[in-house]
Structures are given as C-alpha cells and as structure tokens.
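Fold and geometry: a report
These are the residues of each chain, in order.
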Amino acid sequence: MKYTSAHWGSYQFERGGALTPLDGDPDPSRIGRGWASASQDRQSRILRPAVRRGWLDGDKGANRCDDSYVEVSWDRAVSLAAAALRDVTETHGNGAVFGGSYGWSSAGRFHHAQSQMRRFLNLAGGCVSSRNTYSHAAAEVLFPRVLGLSNRAFQDEMTAMPLVAEHCELLLAVGGISPRTAQITSSGTSRHEVGPWLEQMRAKGTRIVCLSPRRADLDGAEWLPVRPGTDTALLLALAHEIHAAGLADAAFLARCTSGWDTFRNYLTGAADGTAKTAEWAAPICDIEADVIRKLAHDLVRSKSMISMAWGLQRAEYGEQPIWAGLALAAMIGQIGQPGTGYGFGYGSTTPVGRASRLIPWPSVPQGRNPVDDFIPVARIADMLLHPGDTYRFDGQDRTYPDIRLVWWTGGNPFHHHQDLNRLEDAWTRPETVIVNDHSWTATARRADIVLPATTPLERTDIMMNRRDPTLLWMSRFHDPVGEALDDYDIFARLAEHMGFGDAFSEGRDTEAWLAHLWDRSQEVAEAHGFTLPDLDQFRAEGRFDIPDAEEARIALAGFVADPEAVPLATETGRITLANAAIGALKLPSCPAHPTWIEPKECLTSAGPGELHLISGQPDTRLHSQNDRGQEALADKIEGREAAYFHPETARALGLAAGDVARLYNGRGACLAGVRLDDGLRRDCVFLPTGAWFDPQRGRGAPLEVHGNPNVLTSDHGCSELSQGNMAHTCLIRAEKWTGALPDLSIAAPPEFTS
Ligand SMILES: Nc1nc2c(c(=O)[nH]1)N[C@H]1C(S)=C(S)[C@@H](COP(=O)(O)OP(=O)(O)OC[C@H]3O[C@@H](n4cnc5c(=O)[nH]c(N)nc54)[C@H](O)[C@@H]3O)O[C@H]1N2
Ligand SMILES: Nc1nc2c(c(=O)[nH]1)N[C@H]1C(S)=C(S)[C@@H](COP(=O)(O)OP(=O)(O)OC[C@H]3O[C@@H](n4cnc5c(=O)[nH]c(N)nc54)[C@H](O)[C@@H]3O)O[C@H]1N2
Ligand SMILES: [Mo]
C-alpha cells in the first residue's frame, strides 16, 4: 500500500489504482474526490514555463491583468527570473522585493512551497514579508494582549473535544461548528473527528445552540439566526443579564481577570449612558430579548462552553466578538475546567481541540531574512498602491515599502484577497511578478514569469503534522504533468544560476533532504519517548502511528488553578476584560474593552434590497484548490459557483433554483448560480469563496462571470489594531441574469503566442 496526504485528508492507493481515504479516518472529506482529476487536468495545469508577452516587450506591468504568454525553456525562465531579481535588488535593495507569498500551498513537510521560497530569497538577500494570516489575524493580535497567549499557543491548549463531549451541558457555538470547514487541517491530517464528535454530543443530549445566520453551520442544533456582524451586541447583552441578575462569578473575576470594573461600567451604561440590556441588543442582533435573557441564565446554570468560529473575526471590528465572548466566559467562571469555558475555532479546522500529543517535527530551515520589513498580510493592495504611506498596526506606526518585484509561491491572492478589482489595479504597479504554481490560477495568469510546480501527487514527501497522531511516507501517485518541477528543484536551479546553489541545497537532493528530515525526526521522537523506524522501514511500510498519542488538554487550566504562580503574559498577568495598553492607542476601531461598534456595512443600516453576503469556505474544495477538479465542477450551476438564497428572498427577486443571478455592489459584480436554502436568514446570501476569478470586460465595469465573491468584499483592515481582512462584512444586491451566459475564460489556458 502507498500513501499520500493533503490538507483535506490522507489517502492510500495501490499502483495504478484510485486514491481511497486512509484506513481509520472516521469521516473522510469530499474534497479528496476532486483531487486526482484536478491534478491531471491538462487544461488547467501549467505545462511549461511561460513569460507574459507585454513584460517581454517592456510594459512594466501595464497589461499584467490581461495578456498572452510565451512558453519558454526552463533555462530561459530561470535566467529571466534571476536577472529580474538581481536588477531590482541591485537598483533598489532587497526591501523592494515582496516575498510575503501568503497561501496554503500543499501538505508535505519538505515540499512546502513557501519554506522553499523563503530559504531561497533569504539567501538572495531577503525580502519584505507578511505577518499573520487571512484566517485569524484579529485573534493573532488580540490574544497575546488579552490572554497572554499567541493564537497558536491558545489553539495548542484548546480544551480537548472528548472533554467537551463528556462534561459540557450547553455548547453555545457562535458562528457554528461546521463539518464543512472541519474537513481541513493545515499540513495534512489522518482523520476527521469533528463530525463524529458533534454526533456523540447530540446522541448524549448535550444542548447545542448555533448562533449563526446559517442553520447548516451546525445541523441538528437549536438555531438562533443572528444578524451577521452583530454578535458583539448579543454577547454584551448576555453579559449584562448575568451581571444584572447577580449571577456573575465574582470570585473568578477577582482572581483571574483585570478590568472588570471598567467593563461592568460599560455594560451597565454607567460609562456611556446605554445599558447593554437584552432589550437594547434585540433590535440590533434580531434575537428576541426573552431568548437572550433565558440563554444568559442557562449558560450560568449549566456547564457551558462558549465556542467562537474563526469567521467571526474576519469582519469589521473583528476583535470585538471574540473578546466579548471571552469576557462572557470569564463572567460565567468556568474557564480552566474540563469541557467548559471558552473555545476559538472548534470545527474551523479539524485539529482544533484534538486530543493528541503535540510533537514539534522538524521542517525545512528557512535561514534568516536580512530584511526586517513586513506588512500585515491583508494590506497587500494598500502596499502596492501607496508606497510611503503610513498606517497603524498593533500599536506601531509603520510605512509601506516601495515594492518593485513580487514573488508568489503556493498562494493565490486573486483568490484570497478582498475587492479584487482594486487588487487588479494595485497588481499593475510592480515591475515584475513571478509566480510558482501548478495551475493556471487567476494569480498565475497575472504573473510575468510563470514557473510550473508539481502537485503533491507527483512527488515524494513526508506528512508529519505536530497535531496529528500519524506520519505518512508520501509516494508519487502519477508522473509530473508537462515539464512541472518540484518547487525545491525550481529554487535549486535558480540558486545555482545566481551563484549560491550549494548554500541552498547543502549538497542534498530531495531524497537526501527527506533522509535528513527523518534523522532529525528520529531525534524528536526519542525526546518524546518513542522510537521511529529507520527510513527504509518507514518508506516500505508507509505509515507510522504514534504510540500513546492521546492527550486531553484543558485550556488555561494551569493559570486558573493558580493565577499567582502561573500568571498570563498580559499587562496584568490576568485575562484583561479592559486593556490599558489597547486603550492608550485610542483607536476608535478597537477601544479598551469589548465594545459594540456598528459596522459600516451592516443590515442594521442597509438600504432597501440590500442583502448581507457571507462568503465562507467552500464545501467542495480548499479555497481555490481543486476548483477544476470533478467534485467542485459537479457542484456548479451552468459552470458558475452556486450562491444560496432563502426561498422567499429568491421568489421576491424572481429567482428560481438553477437560475443564474448577478450579485453586485459599488465595488463589483459577479454571476453565480442560484440554489435555495430555507435554513438561511432571508436577508443573507451565502456564496462560498474560491471560484477562479474570471473578470470579463465589455463596456463599463468588469463582470466576474464565475462566482467569485471577492469582487464584492471590501478591502479595509478590520481595525487599526490588527489590520486583518473583513471578508464577512459585505452588503450586496442581487438580480436575475437574463443576458447570454458569457463563456468562462478560466476553463482554458491563457492564450499563447510565440
Ligand atoms: N471572501 C473571502 N475571502 C477569503 C476568505 C473568506 O472566508 N472569504 N478566507 C480567507 C482565508 S481564511 C484564507 S486562509 C485564504 C486562502 O487563500 P490561499 O491560501 O491563497 O488560497 P489557495 O487556493 O489555497 O491557494 C493556494 C495556492 O497554492 C497553489 N499550490 C498548491 N500546492 C502547491 C505547490 O506545491 N507548489 C506551488 N508552487 N503552488 C502550490 C495552489 O494551486 C493555489 O493556487 O483566503 C482568504 N480569503
Ligand atoms: N471545506 C473547506 N474547509 C475549510 C477551508 C476551505 O477552503 N474549505 N478553509 C480552511 C481555512 S483556511 C479556514 S481559516 C477555516 C475558516 O473557518 P471559519 O472561519 O469557521 O469558516 P467560515 O466559513 O468563514 O465561517 C464560519 C461561519 O460563520 C458564519 N458567519 C459569518 N458571519 C457571521 C456573523 O457575523 N455572525 C455569526 N454568528 N456567524 C457568522 C457563516 O455562516 C459561516 O458559515 O476554514 C478551513 N476549512
Ligand atoms: Mo484560512
């Protein structure tokens, strides 16, 4: 038996056979069904290195978003890319190179595209990098300040799912806990446990309340269809009710938190004249006051867990709901106990709360970046459009660098960024854009030099994920398509050409690197009390299951047991319900304590006909990956991504299932198929992200014809604290599309000229 792995799961196969989910995976992902077909689709794979026509002619980027390509040899592509990098660094310095290159590339420890690229660019003198993620940037900046833990450290100690199943009586899932998103684990997973975990709790009779505009975010739960963007008001009202009823855990607040007085004065209205009562919150969040009050009492009377989906903070003022949820959990006073308290990201990916030991497996050494400049990851378009402008981030005043060369490897900004029409404008600014990818994504189609990479199905690697109890030797499933090379070989060739080949490769080829990583893994395993087989045995068997891998953690248990002895690394050593350092920044977008601030785009102030767009993660693929595979294609309507409407909303708009609609706002417009969902708020539309961006220009503004929601979303930092993206804060309108259906240009490769 041979094995391979992806962010959506692990697979086994016999030579010549199909991929089947790994033995022992209790709930395999549907995404895998589209993988092999996407990887072998010669219409969407990049078959040979290619260079943009206009760039060769010296247009410096003007036609970057709409051009033909010239296919070239690897030697020529390497020498053009090396020359472009050298020109820019010699003229402007390495601070003019952007290697932030955010994205999920592929599982596999060695062929991690960004690691290979960073190792190369660091040896080439460095680059401007990016900080934090599109997933949870607001949490990444907020948690160290209010919880004293990085988001990663907090995830690592998240209370284990089995403990929640055993002890929790009332699970409040804000944003749901969705098997849709739980399909994914960064770096690969051997099993999917969230679906079975929820099933176990349902069977046991645990009360589960799903607070979300979509019922499908947690099937089988009590559904409170909150108005999107207003959770903070609801959470504050729960907190107010608990305080007003005298039910707050005063001992916990005194021992484990700071800033309670300030926060309480805000709740009661002593600070601003508005008591955050259930009656106050009800018209904002569209949940009845009685329901809010009863829920508040139930949360205190039960063993309860406040669970927040990551998506809540990918919104304007995204710090507020997750901080308000933490404050609420502190008032309930069950943090640090088994199965209760506060959770962030259960179900947002598979391994959050997984009860397994954490093993820090080795990775490819990236070296040191001599350039210390960075941007918060979602400020890419601002950076390209406004070099020299200042902005605030995490208490710093920073300046955007002047970027002349962008190198992207293993990410798709024309998938992940907001307001893609704006990004198209920004993208014409650099002199050169180089992209390594395996497929003709929208980003590859907007690069000057396109370097075709292999997919994991074409290479040998090791799946080892610090949060997964299984290690896999990944074998090649099919031969490389066209002239694709592993990212490692691409950068090794470039390094060789630029004169630092030995420093990059350290004299190793892929086999030797895998052996080296395995040697280091053996040392790590020994340090954790178990022995790995030697490489030959591992390669032959393909799979190693870590012994005694189970370990059930309780978030913040050590701190709560003795806050004096184990203080948090916050300004007071406690959970900060009001934070002086944040307050001192005087940011209207992120005040000193959890605060209700009405988003600029919100149904509370929407005009007639406006709908709230939820552009959550797609069920059929990982972001834009496998969009040309059979699973994603089979889900489309007339070749377009399906948008979900409430049946009554659809009827009022004259839409029926199977139609195509035009979704639009002041930023852009796209076409999407129509599907009905009576478990959706009537004033919301759900259009998953990830359909390959396909804007077509007729007269007037471009029309995106494939159903990419990021032509509609807005590109502003969610606050001046974190500068995270706010994809989930977006109002649109919709109408039936009655025109002829434009062909998809992303269904075929770009035009090649000679
Ligand atoms: N509207 C809206 N937008 C969003 C979100 C949302 O909820 N709503 N979510 C955001 C979030 S949380 C995230 S994480 C981002 C995700 O954004 P990305 O991570 O950028 O999206 P992916 O489609 O996963 O992009 C990965 C790219 O790497 C390529 N790739 C895969 N394997 C390899 C490899 O081995 N080598 C090379 N060179 N390339 C490879 C793939 O072909 C693909 O183009 O999107 C964000 N954007
Ligand atoms: N199948 C699949 N799974 C994925 C991914 C993928 O691409 N495909 N991507 C992975 C990645 S990179 C990430 S970061 C995670 C993200 O995981 P999440 O952030 O948890 O996922 P989302 O789909 O963005 O949002 C979750 C739900 O929040 C609800 N929601 C939106 N706005 C609001 C609001 O204002 N209030 C409330 N209460 N609910 C709201 C939406 O209905 C949405 O379904 O998903 C991961 N899992
Ligand atoms: Mo993400």
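Residues numbered from 1 in each chain as written. Chains lettered and ligands numbered in written order. Predicted model: local features only at pLDDT ≥ 70, side-chain atom pairs only at ≥ 80, totals over all residues. Heavy atoms only, no water.

Lining the immediate surroundings of ligand 1 are 33 residues, of which Ser106, His416, Asp437, Asp487 and Ser624 lie closest. One nitrogen or oxygen atom from the side chain of glutamine 418 is found 3.2 Å from a nitrogen atom belonging to ligand 1. When ligand 1 is considered free in solution it has 920 Å² of accessible area, and contact with the protein chains removes 99% of it. Mapped by element, the contributors of at least two residues to the shell around ligand 1 are α16 (413–416) and β18 (432–437). Per-class residue counts for the shell around ligand 1 are 6 nonpolar, 23 polar and 4 charged. (Near = heavy atom within 4 Å. Polar contact = N/O pair within 3.5 Å; in protein donor to acceptor, adjacent residues only side chain to side chain. Areas by Shrake-Rupley, 256 points an atom, 1.4 Å probe, with all protein chains shown as cover. Helix = DSSP H or I, 4+ residues; strand = E, 2+ residues; numbered from the N terminus. Nonpolar A, V, L, I, M, F, W, Y, C, P; charged D, E, K, R; others polar.)

Right, let's talk about the UniProt feature "domain: Molybdopterin oxidoreductase" (unreviewed entry) in the protein for a bit. Listed under "domain: Molybdopterin oxidoreductase" (unreviewed entry) in the UniProt record, and renumbered for this structure, are residues 45–496. Across residues 45–496, helical content stands at 36% and strand content at 15%; the span's end C-alpha atoms are separated by 26 Å. (UniProt positions renumbered as here; feature names shortened; annotations may be inferred.)

On to helix α18 (residues 487–498), then. Here α18 is 12 residues long and its end C-alpha atoms lie 16 Å apart, about the 16 Å a rise of 1.5 Å per residue gives. Of the residues making up α18, those classed as buried are Asp487, Tyr488, Ile490, Phe491, Leu494, Ala495 and Met498. In a view along the axis of α18, the buried residues occupy a sector of 160°, so they form one face of it. Backbone geometry just downstream of α18 places glycine 499 in the positive-phi region, at approximately 95°. (Expected span 1.5 Å × (residues − 1). Buried < 20%, exposed > 50% of the residue type's maximum accessible area, 1.4 Å probe, protein only. Arc of directions from axis to C-beta.)

Here the focus is the nonpolar core. Side chains of nonpolar character tend, in soluble globular proteins, to be buried together. Phe154, Trp197, Leu238, Phe645 and Leu663 are the most contacted members of the largest nonpolar core, which totals 161 residues. For this core, the leading source of residues is helix α14 (residues 319–332), giving 10 residues. Beyond its immediate sequence surroundings of up to four residues, tryptophan 197 is in contact with Met161, Pro162, Val164, Ala165, Ile177 and Tyr346. (Core = buried A, V, L, I, M, F, W, Y, C linked by side-chain atoms within 4.5 Å. Contact = heavy atoms within 4.5 Å.)

To continue, consider the sheet that holds strand β9 (residues 207–211). Ordered by their spatial adjacency, 5 strands build an open sheet running β10-β9-β8-β12-β13, and the pairing between neighbours is parallel. Each of the sheet's edge strands pairs with one partner strand only, and the pair in question is β10 (222–224) and β13 (341–344). For this sheet, the mean angle separating the axes of adjacent strands, direction not counted, is 20°. Where strand β8 (residues 170–174) meets β9, 5 bridges bridge the pair, whose relative direction is parallel. Among the inter-strand pairings, alanine 173 is bridged to a residue of β9, identified as cysteine 210. (Pairing = 2+ DSSP bridges. Axes fitted to C-alpha atoms, helices over the stretch in contact; angles between N-to-C directions.)

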